[in-house]
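Residue-level structure breakdown
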Amino acid sequence: MQTSITNSTTCYGWGAIILHWLIALIFIGQFGLGFVMVRVTSQRTAFELIQLHKSFGFLLLGLIILRIVWRCGNTTPALPGSVGTLERRAAPLAHFALYAFQLALPLSGWALVSVSMLEIPSLPFNLFVMPNLPLAESDGAESFWAAAHWYLAYAGMALVALHVAAALRHHFQLRDGVLMRMITPSSDPE
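Given the structure is predicted, the values throughout are model-derived calculations rather than measurements.

Each value, and the rule that gives it
Residues numbered from 1 in each chain as written. Predicted model: local features only at pLDDT ≥ 70, side-chain atom pairs only at ≥ 80, totals over all residues. Heavy atoms only, no water. Salt bridge = Lys/Arg side-chain N within 4 Å of Asp/Glu carboxyl O. Helix = DSSP H or I, 4+ residues; strand = E, 2+ residues; numbered from the N terminus. Buried < 20%, exposed > 50% of the residue type's maximum accessible area, 1.4 Å probe, protein only. Axes fitted to C-alpha atoms, helices over the stretch in contact; angles between N-to-C directions. Left-handed = near helix turned anticlockwise from the far one by under 90°. Contact = heavy atoms within 4.5 Å. Nonpolar A, V, L, I, M, F, W, Y, C, P; charged D, E, K, R; others polar. Polar contact = N/O pair within 3.5 Å; in protein donor to acceptor, adjacent residues only side chain to side chain. Phe/Tyr/Trp six-rings, centres within 6.5 Å; stacked < 30°, edge-to-face > 60°.

1. Some thoughts on the pattern of salt bridges
For side chains of opposite charge, pairing can occur when their charged atoms come near one another. Scanning all chains against the criterion turns up two salt bridges. For Arg44, the salt bridge identified is with Glu48, shortest N-O distance 3.4 Å. With Arg44 and Glu48 both in helix 2 (residues 43–73), this residue pair falls four residues apart, about one helical turn. Under the relative-accessibility criterion, Arg44 is labelled exposed at 63%. Ionic pairing is found between Arg169 and Glu87, a salt bridge with its closest N-O pair at 3.1 Å. Taken together, the residues Arg169 in helix 4 (residues 139–174) and Glu87 in helix 3 (residues 85–115) connect sequence positions 82 residues apart. For Arg169, a relative accessible area of 33% gives the class partly exposed. Looking at Glu87, the relative accessible area reads 23%, which means it is partly exposed.

2. Observations regarding unusual backbone geometry
Even without being a glycine, Glu119 presents a positive backbone phi close to 55°. Turning to its location among the elements, Glu119 is positioned in the loop between helix 3 and helix 4. A relative accessible area of 52% means that Glu119 is categorised as exposed. In this model, Phe125 sits at a positive phi of 50°, which is unusual for a non-glycine residue. Position of Phe125 among the secondary structure elements: in the loop between helix 3 and helix 4.

3. Some details on the packing of helix 2 against helix 3
Between two packed helices, both the angle of their axes relative to each other and the distance between the axes serve to describe the pair. Two elements in contact, helix 2 and helix 3, have axes separated by 9 Å at closest approach and are oriented at 145°. Where helix 2 crosses over helix 3, the two elements pack in a sense that is left-handed. Judged by residue contacts, Lys54, Gly57, Phe58, Leu60, Leu61, Ile64, Ile65, Arg67, Ile68 and Arg71 of helix 2 engage His95, Tyr99, Gln102, Leu103, Pro106, Leu107, Trp110 and Val113 from helix 3. Partitioned by chemical class, the residues of the contact of helix 2 with helix 3 number 12 nonpolar, three polar and three charged.

4. Some details on the side chain of Ser116
Considering the arrangement of structural elements, one finds Ser116 in the loop between helix 3 and helix 4. A polar side-chain atom of Ser116 sits 3.1 Å from the main-chain amide nitrogen of Leu118. With residues near it in sequence (within four places) discarded, Ser116 still touches Glu137 and Glu142.

5. Things to note about the packing of aromatic side chains
One pass over the structure, following the stated rule, counts six aromatic pairs. Between Phe58 and Trp110 the ring centres are 5.3 Å apart and the planes differ by 90°, which places this aromatic pair in the edge-to-face class. Of this pair, Phe58 sits in helix 2 while Trp110 sits in helix 3, placing them 52 residues apart in sequence. When sorted by exposure, Phe58 lands in the same class as Trp110, which is buried. Aromatic pair Trp150 and Tyr154: ring centres 4.5 Å apart, planes at 45°, arrangement tilted. Placement of both Trp150 and Tyr154 in helix 4 is noted, with a separation of four residues, approximately one turn of the helix.

Given below as structure tokens:
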């Protein structure tokens, strides 16, 4: 079976598949980590978890930018004929929303640490100091970005749940192969 790193008109290549699942894993893991880090009682543990959360946030930001560039530079496999008109119109909007939230969430986190009056540096994986965004520090700005980050996280996870539900519908109800082509590329019949 011949597989490719790039997409074809009928299947996703390894590049899109690996980026998809890596981003999914980090995005969902970030939600769990964010949930835990604000509930830990030990300040030292909380600090370490926050730095880890920021590290994965910067990694996620880089990966989603790469994913968007990859998608723009590759063909998108066509949906099967069994997919109705409404779903054909909704699918690109849903993917656009997922990309938007995956970009907005780490950017809002970066904005949050940039405006924080605590001035705690971000040290992605303890490799370097990530510079702050050029935003003015203030308690009001920190409150705004903290709320934005929180709402974006929950809305983003709701979108992910909807995306997973749609994929499972394709797999178990429609049985049209949409989910399978994002798990492994198959040889292109063309």
